[in-house]
Amino acid sequence: PAQSHFMASTRPVEELYDCESDPLNLINLAGFEEHRDLRMSLRDQLREHVVSTRDLGFLPETLEWEWSEGSTPYQMARDRYDVAAIFDAANEVGVADASVFIAHLKHPDPAIRFWGAMGFSGTDQLDETAIRALTTALRDTSVCVRIQAADALSRHGITAKAYPVLRETLQLDNLTAVLHAARTIELLGQRAEPLIDAMRDLDERSKAIRSGDASAGEKDMAMFIEFSTNAFLTRTAESRSESTD
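Just so it is clear, the model here is predicted, and its values are computed rather than measured. (Residues numbered from 1 in each chain as written. Predicted model: local features only at pLDDT ≥ 70, side-chain atom pairs only at ≥ 80, totals over all residues. Heavy atoms only, no water.)

1. Concerning the overall build of the protein chain
- A count of helical and extended segments in the protein chain gives 12 helices and 0 strands.
- Tracing the protein chain from N to C terminus, the helices and strands come up as α-α-α-α-α-α-α-α-α-α-α-α.
- Rg of the C-alpha trace for the protein chain: 20 Å, near the compact-globule value of 18 Å for 245 residues, within the 12% margin.
- Taking all 245 residues of the protein chain together, 40% fall into the buried category.
- Contacts in the protein chain between residues at least 24 apart in sequence constitute 55% of all its contacts with a sequence separation of at least 6.
- Total accessible area computed for the protein chain in this model is approximately 13,900 Å², and 52% of it derives from carbon and sulfur atoms.
- Computed over 25 positive and 41 negative side-chain charges, the separation of the two mean positions in the protein chain equals 5 Å. (Helix = DSSP H or I, 4+ residues; strand = E, 2+ residues; numbered from the N terminus. Rg over C-alpha atoms; globule rule 2.2 N^0.38 Å. Buried < 20%, exposed > 50% of the residue type's maximum accessible area, 1.4 Å probe, protein only. Contact = heavy atoms within 4.5 Å. Areas by Shrake-Rupley, 256 points an atom, 1.4 Å probe, with all protein chains shown as cover. Lys, Arg positive; Asp, Glu negative; His and termini not counted. Charge placed at Lys NZ, Arg CZ, Asp CG, Glu CD.)

Encoded structure:
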């Protein structure tokens, strides 16, 4: 039980452990006032490291491959990736209020719009202004923003326009975007049962890719897509069986 937080569906926004006295990392010290100075120092060091190394971990994969087309992700990160602004936007998830996320959804950088939508995925509720902003984001030019906006709306039970976006994305040729949408549906779980037919179709498509003459990269992506389709379809079938019993 003491370690159950490592497997929970959510994690604390910030974690700080004394690895000498607490080697199993069971006691999160981030909320303790006596550790505030250390927490702030480590936070600043982390940001400096992320920015100096041009860490691509805060960029959705669809954007990473789109932006680095004709080059490499390494080179792209040094030419056009505003890592500081994107990292700061990511760090506001779970912390900032709705007005910040709405501002991010209007930002010219799609990576920051993505994190604006992600911020609403983690909020307890959406007001009408947030719903309108996310509904607009369902038509964003960037597929990763559309997927994340659909996720945020779906997590709050607003599915009429969100589910068609996810269903449409599962049919794209861009397998990176397809994987993002499939993983989103998997994590929505039972709430996304209306998409079970689309996930079945995707599962069959992925199997066909892996058994066909696709490239090695496409076959790898299809394998990861199947991880999500299989998990979703299995759990949905189990839930149906339990409800029938």
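So that's the structure; there's more coming.
2. Some details on the packing of helix H6 (residues 110–121) against helix H8 (residues 143–155)
- Axis separation between H6 and H8 bottoms out at 8 Å; the angle between their running directions is 10 degrees. Our classification of the angle between H6 and H8 gives roughly parallel. Contacts between H6 and H8 involve Pro110, Arg113, Phe114, Ala117, Met118, Phe120 and Ser121 from the first element and Cys144, Val145, Gln148, Ala149, Asp151, Ala152 and Arg155 from the second. (Axes fitted to C-alpha atoms, helices over the stretch in contact; angles between N-to-C directions. Parallel < 35°, antiparallel > 145°, perpendicular 65-115°, else oblique.)

3. A closer look at the pattern of salt bridges
- Here the structure, examined in full by the defined rule, presents 12 salt bridges.
- A salt bridge links Asp88 to Arg47, with the shortest nitrogen-to-oxygen separation between them at 2.8 Å. Highlighted residues: Asp88 in helix H4 (residues 83–91) and Arg47 in helix H1 (residues 36–52), separated in sequence by 41 residues.
- Salt-bridge contacts for Glu226 lead to Lys207; the nearest nitrogen and oxygen are separated by 3.7 Å. (Salt bridge = Lys/Arg side-chain N within 4 Å of Asp/Glu carboxyl O.)

4. With respect to unusual backbone geometry
- A positive phi angle is found at Asn25, which is not glycine, with a value near 55 degrees.
- Secondary-structure assignment places Asn25 in the segment before H1.
- Positive phi is not limited to glycine here, since Arg54 has a value of about 55 degrees.
- Tracing the sequence through the fold places Arg54 in the loop between H1 and helix H2 (61–67).

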